[in-house]
Amino acid sequence: MKKLLAALVLALALSGFASAPVRAAAPAAPDFNANPVLSSIGKMGAHLYYMGKRYGVDGWFIVKDKQVQIAYATPDNKAAIIGALFGEDGENLSVLQVHNLMDSNKDVADLINKIQQEQAAMSQVGSPPDAQAKPKTGDGLPAAPLSPGDRLMHDLAATASIVVG
């Protein structure tokens, strides 16, 4: 979740997000408890913020313990898809939805602004060198085989719109 939040923060920063956005009206939220996956996430203490409907799925911005996740409820409300939603032209629709959510929800805007400030402070200090860094191949991947999840994270990191990790 921290990686997704970092990706969203970076994507929002790169998209020219202003620190004092004009507040827009929030879309009417369906009851997330109608979806068993989202309901169980809510019961674990997470806060769910509705981002709107795109391509027939309801988007949710989920925050728990300063970690975030994006989920999309299926139209039948029997399942949820975790991750970013991309449009047919490759545009990261999740970033646009989070941007709109920040415009309409001060709590979310404050949370993301605070994290942006923390990340900026950390980047000024610098991070310690990775003592366990693995040799990389020509495409930036570790020389050892990657799991499908690690490969996905690498591919997402290589996209033009978000950085993961």
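Computed from a predicted structure; not experimentally measured.

J.: Quick rundown of the sheet that holds strand β1 (residues 47-54)? Include the residues and the values.
T.: In spatial order, the strands read β1-β2-β3-β4; together these 4 strands make up an open sheet with antiparallel pairing. If you trace the sheet from one side to the other, it starts and ends with β1 and β4 (80-82), each paired once. Neighbour to neighbour, the strand axes of the sheet diverge by 30 degrees on average, direction disregarded. Sheet strands in contact with helix α3 (residues 93-104) are β1, β2 (57-64) and β3 (67-73), and its direction is about 120 degrees off that of β1.

J.: Requested: an account of helix α2 (residues 36-43), with residues and values cited.
T.: Buried within α2 are the following residues: Leu38, Ser39 and Ile41. On an axial view of α2, the arc spanned by its buried residues comes to 160 degrees, and they lie on one face. For α2, the elements touching its buried residues are β1, β2, β3 and β4. Sitting at the head of α2, Asn35 places a side-chain oxygen 2.9 Å from the backbone nitrogen of Val37.

J.: Quick one: what's the story with the packing of aromatic side chains, residue by residue and with numbers?
T.: Counting across every chain of the model gives 3 aromatic pairs. With 6.5 Å between their ring centres and 50 degrees between their planes, Tyr49 and Phe61 make a pair best called tilted. With a gap of 12 residues between them, Tyr49 in strand β1 and Phe61 in strand β2 connect regions that are remote in the sequence. Judged by relative accessible area, which is 19%, Tyr49 ranks as buried. Every member of this aromatic cluster is reached through a ring pair, and the members are Phe32, Tyr50 and Trp60.

J.: So what's going on with the nonpolar core? Residues and values would help.
T.: The biggest cluster of nonpolar side chains holds 18 residues, and the ones touching the most others in it are Met51, Phe61, Val98 and Val108. Among the elements that line this core, the one with the most residues is helix α4 (residues 106-125), at 5 residues. Core analysis: the second largest hydrophobic core is formed by 9 residues, Leu38, Ile41, Ala46 and Trp60 among them.

Criteria and cut-off values
Residues numbered from 1 in each chain as written. Predicted model: local features only at pLDDT ≥ 70, side-chain atom pairs only at ≥ 80, totals over all residues. Heavy atoms only, no water. Pairing = 2+ DSSP bridges. Helix = DSSP H or I, 4+ residues; strand = E, 2+ residues; numbered from the N terminus. Axes fitted to C-alpha atoms, helices over the stretch in contact; angles between N-to-C directions. Contact = heavy atoms within 4.5 Å. Buried < 20%, exposed > 50% of the residue type's maximum accessible area, 1.4 Å probe, protein only. Arc of directions from axis to C-beta. Polar contact = N/O pair within 3.5 Å; in protein donor to acceptor, adjacent residues only side chain to side chain. Phe/Tyr/Trp six-rings, centres within 6.5 Å; stacked < 30°, edge-to-face > 60°. Core = buried A, V, L, I, M, F, W, Y, C linked by side-chain atoms within 4.5 Å.

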